[in-house]
Amino acid sequence: MSRIIVVTSGKGGVGKTTTSAAIAMGLAKKGHKTAVIDFDVGLRNLDLIMGCERRVVYDFINVINGEATLNQALIRDKNCNLLYILPASQTRDKDALSQEGVGKVLDELRKEFKYIVCDSPAGIERGAHLAMYFADDAFVVTNPEVSSVRDSDRMLGLLSSKSRRAEQNEEPIKEFLLLTRYSPERVKLGEMLSVDDVQDILSLHLLGVIPESKSVLNASNSGMPVILDEKSDAGQAYDDIVARYLGEDRPHRFIEDKKGFFRNLFGG
């Protein structure tokens, strides 16, 4: 049975597209046929991070409007043949998305794919609502700062009340917390919220913490999901997240201040 995952947040710039690309790649690398969809109509970015921008011929809106088939629009990833990308349109606006059209595309994808990852735009506009409406699971991405966490809390209210599952009185969307750009050193200095602070506010199951890392920007600039950078902290963190989502028990490696740990260990 296929699962639809929405990667969402209330605030822009928290790392949703980076997360969508990494999670989709991670699931595909684990042997699951996966599709990742860019819902950010007009501000297409997913294809850049996936390194397939030059191969975009048809997009999500073309499929919804019947101007292209799903097979024509889907782009097979160059690093993993179990991963496919459905890009957004750069020339339309978000009103081009319809609930009926999105539902038909997702129903068609469900027949062939084990996981469908929906990269949601920020905020609570039409694109964000449709990205979450059909979801089975939600990865709520937030930075450890008050405004980001507050906006994510608002999204939780929408996930619990405005989804198809809520409307049809089905089992609620499963919600998971991903904390991005986390720095234990800055937490100690009081410059950002701790993991415990964020969980106290949102009361979500913590799927993973992504450390602040230059490798995220480097991977994006080179058109490669950061999870493929196995030597980087961020790449390892996303690999852990995928493993935990699939039921593996892995410790959280990036919550503690490693420098502080070694200083305490050796009395420095």
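In this text the structure is predicted, and so the values were computed from the model without any measurement.

*Asks:* What's the story with unusual backbone geometry in this structure? I'm lost.
*Replies:* Leaving glycine out, the prevailing phi sign among residues is negative, and the prevailing peptide bond configuration is trans. Backbone geometry places Asn-169, a non-glycine residue, at a positive phi of 55°. With respect to the helices and strands, the residue Asn-169 is situated in the loop between helix H8 (164-167) and strand S7 (174-182). Here Asn-169 falls in the exposed class, since its relative accessible area comes to 72%. With a phi angle near 50°, Ser-203 is a residue other than glycine that sits in the positive phi range. Mapped onto the elements, Ser-203 comes out in the loop between helix H10 (195-202) and strand S8 (205-211). The exposed category is assigned to Ser-203, whose relative accessible area is 60%.

*Asks:* Whenever I open this one, the confidence of the model for the protein chain confuses me. Can you help?
*Replies:* Should the pLDDT be low somewhere, the predicted coordinates at that spot are not to be read in detail. Of all residues in the protein chain, 95% have pLDDT values of 70 or greater, and the mean over the chain is 91. Here helix H13 (residues 258-265) is the element of the protein chain with the lowest mean pLDDT, 46, and strand S4 (residues 83-86) is the one with the highest, 98. Across residues 260-266, where pLDDT falls below 50, the model places three contacts with residues more than four positions away in sequence or in other chains.

*Asks:* It is not clear to me how helix H6 (residues 126-133) should be interpreted in this structure. Could you clarify?
*Replies:* Within H6, six of the eight residues are buried, which leaves it mostly tucked inside the rest of the structure. What H6 keeps buried is the set Gly-127, Ala-128, Leu-130, Ala-131, Met-132 and Tyr-133. Contact partners of the buried residues in H6: strand S1 (3-8), helix H5 (99-110), strand S5 (115-119), helix H7 (146-161) and H8.

*Asks:* What am I meant to see in the state of the cysteines here?
*Replies:* Note on terminology: a disulfide is the covalent bond linking the sulfur atoms of two cysteines. If you walk through the whole model with that rule in mind, you get zero disulfides. Left unpaired, Cys-52 is separated from the closest cysteine sulfur, that of Cys-80, by 13 Å. Take Cys-52: its relative accessible area is 1%, and that puts it in the buried class. As a non-bridged cysteine, Cys-118 has Cys-52 as the owner of its nearest cysteine sulfur, 16 Å distant.

*Asks:* Help me out: how do you make sense of the sheet that holds S4 in this one?
*Replies:* Think of a sheet as strands paired side by side through backbone hydrogen bonds, with each pair either parallel or antiparallel. The mixed open sheet is built from eight strands, whose spatial order is S3-S4-S2-S5-S1-S6-S7-S8. The open sheet has two free edges, formed respectively by strand S3 (75-76) and S8, since each of these has just one partner strand. Two elements, strand S6 (residues 137-142) and S7, share six bridges in a ladder whose sense is parallel. Following the sheet pairing, Thr-142 is matched in S7 by Leu-179. In the packing of helix H1 (residues 16-29) onto the sheet, contacts are made with S1, strand S2 (34-38), S4, S5, S6 and S7, and the angle to S5 comes to roughly 170°.

Conventions and cut-offs
Residues numbered from 1 in each chain as written. Predicted model: local features only at pLDDT ≥ 70, side-chain atom pairs only at ≥ 80, totals over all residues. Heavy atoms only, no water. Helix = DSSP H or I, 4+ residues; strand = E, 2+ residues; numbered from the N terminus. Buried < 20%, exposed > 50% of the residue type's maximum accessible area, 1.4 Å probe, protein only. pLDDT = per-residue confidence, 0-100. Contact = heavy atoms within 4.5 Å. Disulfide = S-S within 2.5 Å. Pairing = 2+ DSSP bridges. Axes fitted to C-alpha atoms, helices over the stretch in contact; angles between N-to-C directions.

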